[in-house]
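Chain residues, written in single-letter form:
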Amino acid sequence: MAYQTRILTSAELPVAVSLLQQGECVAFPTETVYGLGANALAEEAVTKIYQAKGRPSDNPLIVHCHSRDQALSLVEGWPREAQTLMDKFWPGPLTLVLPKKSLIPPAVTGGLPTVAVRIPNHPLALSLIRSTGLPLAAPSANLSGRPSPTRAEHVWQDLAGRIPAILDGGPTGWGVESTVLDCTTYPFRLLRPGGVTLEELRELVAIEVAPDQYGPTEPPPSPGMKYKHYSPAAQVVLVVGKDIQQGIKERIEECRRQGQKVAVMAWEEFRRDYPNLTFLSLGRAGDYNAAAARIYQLLRRADEERCDVILIHGLPQESLGMAIMNRLQKAAGPNIIQT
Ligand code: TXA
Ligand code: MG
């Protein structure tokens, strides 16, 4: 179905509420990235999310709630350690995977017996969920495979004509998605690094990191792991290891010989080292919060500037660097250069 997509201001929240109550999808801001929401209790509404995004139907959705009581009404039970994490990190960028109640339709969970729940820390998201009186299933509001949207205009670029409305709450804060944690086994399993860091979680509970590599016959621990992600049209090349700068310089020469337009993504302090190309600044060196807030927008900018290749300086895997590198590795796919 083709829609005339409306951009709604926060004052037009009631329009978004009634669309959601009628079983339509609406994009809305969260503290991480924009989500594409629909009534998590209605199979038909949830199906529209998959259609609008072009998302594979076995990749389950996160259900967004406004309160802990609402979240817990959707699950069969939860361990004490999960409660500790809720106390500390909700509302916030932490998604917990727990055994689901049967009122959650299989379309939400890709047929899994578990459901992922979180409480977003964003006033507009919270009042939207509270006003609809519904839990909202919401993946990131991008076309499947594209970089996640951190502004309403990114959602517009991907989904205009495919959804009825986008609730505009300005740029999102974090810029990378929530941490996804499987709480159905102990130690808990980290399925996706995100806004809440591994170090922060390990101060409170035991965590094992689910391997990103898995065999050809076994299913991945989280279905989202097997799909291509966060990719702009340009080829993404991630350079890591001991001499990243040398690696990038060699690759720039190679690209130029082939007549390709190059972008380099790195900390601001490296700008002078890479003249005469599109420089995508991650901000002040070591400021992971600034880098996280920018990565998706920078990937989109490289496309706007019609770059053929984006060469990215690898970052250390500490703190929020782990989530940032996870997204950059997925964007690069096999194009990772070890120096
Ligand atoms: O910050 C976020 O989490 C954003 C905002 C909108 O809340 N949402 C988001 O959703 O990133 P999405 O759909 O792009 O990513 C959800 C991830 C996927 O990797 C999916 O496979 C995983 O969570 N997931 C969802 N339900 C799951 C479940 N029951 N078991 C294992 N993994 C699950
Ligand atoms: Mg996503």
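Use the structure listed above.
Just so it is clear, the model here is predicted, and its values are computed rather than measured.

Here is what the cut-offs are and how they apply
Residues numbered from 1 in each chain as written. Chains lettered and ligands numbered in written order. Predicted model: local features only at pLDDT ≥ 70, side-chain atom pairs only at ≥ 80, totals over all residues. Heavy atoms only, no water. Helix = DSSP H or I, 4+ residues; strand = E, 2+ residues; numbered from the N terminus. Rg over C-alpha atoms; globule rule 2.2 N^0.38 Å. Buried < 20%, exposed > 50% of the residue type's maximum accessible area, 1.4 Å probe, protein only. Areas by Shrake-Rupley, 256 points an atom, 1.4 Å probe, with all protein chains shown as cover. Lys, Arg positive; Asp, Glu negative; His and termini not counted. Charge placed at Lys NZ, Arg CZ, Asp CG, Glu CD. Core = buried A, V, L, I, M, F, W, Y, C linked by side-chain atoms within 4.5 Å. Disulfide = S-S within 2.5 Å. Pairing = 2+ DSSP bridges. Axes fitted to C-alpha atoms, helices over the stretch in contact; angles between N-to-C directions. Contact = heavy atoms within 4.5 Å.

1. Some details on the overall build of the chain
Then, in step 1: Each helix and strand counted, the chain has eleven helices and 16 strands in total.
Then, in step 2: Taken over the C-alpha trace, the chain has a radius of gyration of 20 Å; the compact-globule value for 339 residues is 20 Å, and the two agree within 12%.
Then, in step 3: Taken along the three principal axes of its C-alpha coordinates, the chain extends 60 × 45 × 40 Å.
Then, in step 4: In the chain, which comprises 339 residues, the proportion classed as buried is 56%.
Then, in step 5: Just so you have it, the chain exposes about 14200 Å², and 49% of that area is on carbon and sulfur atoms.
Then, in step 6: Here the chain holds 34 positive side-chain charges and 34 negative ones, and the gap between their average locations is 2 Å.

2. Observations concerning the nonpolar core
Then, in step 1: Judged by nonpolar contacts, the single largest core of 50 residues is most densely connected at Leu36, Leu85, Leu94, Leu96, Ile163, Leu181 and Leu201.
Then, in step 2: Per-element tally for this core: the top contributor is helix 2 (residues 43-53), with five residues.
Then, in step 3: Grouped together as the second largest cluster of nonpolar side chains are 46 residues, Ala266, Tyr288, Leu311 and Met325 included.

3. Some details on the state of the cysteines
Working definition: the covalent bond between the sulfur atoms of two cysteines is a disulfide.
Then, in step 1: Here the structure, examined in full by the defined rule, presents zero disulfides.
Then, in step 2: Free of any disulfide, cysteine 25 has its nearest cysteine sulfur in cysteine 65, 17 Å distant.
Then, in step 3: Of the cysteine sulfurs around cysteine 307, a residue in no disulfide, the closest is that of cysteine 255, at 11 Å.

4. Description of the sheet that holds strand 14 (residues 278-281)
Then, in step 1: Read from one edge of the open sheet, five strands run 14-13-15-12-16, paired in parallel fashion. In this open sheet, the two strands that pair with only one neighbour each are strand 14 and strand 16 (336-338). Direction aside, the axes of adjacent strands within the sheet are offset by 20° on average.
Then, in step 2: Contacts from helix 10 (residues 288-304) reach strand 12 (235-240), strand 13 (262-266), strand 14 and strand 15 (309-313) within the one sheet, and its direction differs from that of strand 14 by about 165°.
Then, in step 3: Contacts from helix 11 (residues 321-332) reach strand 12, strand 13, strand 15 and strand 16, with the element oriented near 130° to strand 12.

By themselves these figures say nothing about function.
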